[in-house]
Amino acid sequence: MKPKIDPPKIPDDNLAILTHEANSLQTKDEFRLGYLKDVTIDSQDAKKVSFEKFIFKNVTITESSLIGIELTDVVFEKCDLSNVCLTDSFLHRTEFRNCKLIGTDFTRSRFQNVRFLGCSSNYASFRFTNFKQAAFENSSLISADFYHSALQKTSFTVCQIDQAILSGCNLEGIDLSDCEFSGLIVEIEDLNGCIISQHHASSFVGLLGLKMK
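Parameters at a glance
Every residue gets a number counted from 1 within its own chain, in the order that chain's sequence is written. The model is predicted, so local features are restricted to residues of pLDDT at least 70 and side-chain atom pairs to those at 80 or more, both for listing and for counting; the totals for chains, interfaces and linings are taken over all residues. Each side-chain value is worked out from all heavy atoms of the structure, with water and hydrogens disregarded. Numbering goes from the N terminus for both helices and strands, where a helix is a DSSP run of H or I of at least four residues and a strand is a run of E of at least two. We call two residues in contact when some of their heavy atoms are within 4.5 Å. One requirement defines pairing of two strands: DSSP has to find at least two bridges between them. Note on terminology: disulfide denotes any pair of cysteine sulfur atoms within 2.5 Å. With a 1.4 Å probe rolled over the protein chains alone, any residue whose accessible area is under 20% of its type maximum counts as buried; one over 50% counts as exposed, and the rest are partly exposed. Note on terminology: a nonpolar core comprises buried Ala, Val, Leu, Ile, Met, Phe, Trp, Tyr and Cys residues joined through side-chain atoms within 4.5 Å. Counted as a polar contact is a pair of N or O atoms within 3.5 Å, where, for protein atoms, one must be capable of donating a hydrogen and the other of accepting one, and residues adjacent in sequence contribute only when both atoms are in side chains.

Caption draft 1: Spatial organisation of the environment of Ser 65. Here Ser 65 lies in the loop between strand S5 (60-62) and strand S6 (70-77). The sequence separation of Ser 65 and Thr 19 amounts to 46 residues, and the corresponding C-alpha distance is 19 Å. In contact with Ser 65, other than residues within four places in its own chain, are Gln 44, Asp 45, Ala 46 and Cys 85.

Caption draft 2: Geometry of the sheet that holds strand S1 (residues 16-17). Read across the sheet, eight strands follow the order S1-S2-S4-S6-S7-S8-S9-S10 without closing on themselves; strand pairing throughout is parallel. At either margin of the open sheet sits one strand with a lone partner, and together these are S1 and strand S10 (150-157). As judged from the seven bridges shared by strand S7 (residues 90-97) and strand S8 (residues 110-117), these two strands associate in the parallel manner. Directly across from Phe 96, in S8, lies its bridge partner Phe 116.

Caption draft 3: Up close: the state of the cysteines. Across all of its chains, the model carries zero disulfides by this definition. The cysteine Cys 79 is free of any disulfide, with Cys 99 supplying the nearest cysteine sulfur at 4.7 Å. Given the relative accessible area of 3%, Cys 99 is considered buried.

Caption draft 4: Expanded view of the nonpolar core. One finds Phe 51, Phe 96, Phe 126 and Phe 146 to be the most contacted residues of the largest nonpolar core, which totals 55 residues. Among the elements of the structure, strand S2 (30-37), strand S4 (50-57), S6, S7, S8, strand S9 (130-137) and S10 are those that each provide at least two residues to this core. In this structure Phe 51 touches Leu 18, Phe 31, Phe 56, Ile 69, Glu 70, Leu 71, Thr 72 and Val 74, once residues within four positions along its chain are discounted.

Caption draft 5: Fine view of the environment of Asn 58. If you trace the backbone, Asn 58 turns up in the loop between S4 and S5. Using a relative accessible area of 41% as the deciding quantity, one classes Asn 58 as partly exposed. Once the C-alpha coordinates of Asn 58 and Asp 6 are considered, the two residues, 52 residues apart in sequence, prove to be 23 Å apart. Within the local environment of Asn 58, its side chain forms a polar contact with the side chain of Asp 38, the two groups lying 2.7 Å apart.

So this is what it looks like as structure tokens:
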């Protein structure tokens, strides 16, 4: 059963347009009821910046470290956050729609009611991340790293997850049956209770010490 994900709660109006402030972020800056569109945020280094009830559309963030960022009721649409450092962050009621998150680092973060829709997240790091009510849908997660993450009420729907690292994850009840992969980096004990399709079975023969003939 897919988890129920609470969507971002953002009003239809009263959103202020954020302009030059985005390229001068300071530690513990707070932004609320805002909108940012068609800009590039470059070379930012700040901690515990928070955004609440905020929309990012067609925004590119480059060469930046935003450790401990807090996102509540936030939407990213057609944004590029590739290789951005977002470790130790907290995301609540946040959606990424058709975003580019290649190599983005979410290590040790907390995700609650978070959805990834049509995103390219190859090589992204979710190591030691706590997921609670999260969904990846129609997204690419090739070689993404979920090492020792908690996947509570987390779903993967029509995703490319080839060579994703799932070692140390409890996959009981996780349905990977409609995902595309030829192999995963995982321990045999992690797979107990995981749901796969029949054509995936051969991918795990080596873990059992078997050889197919």
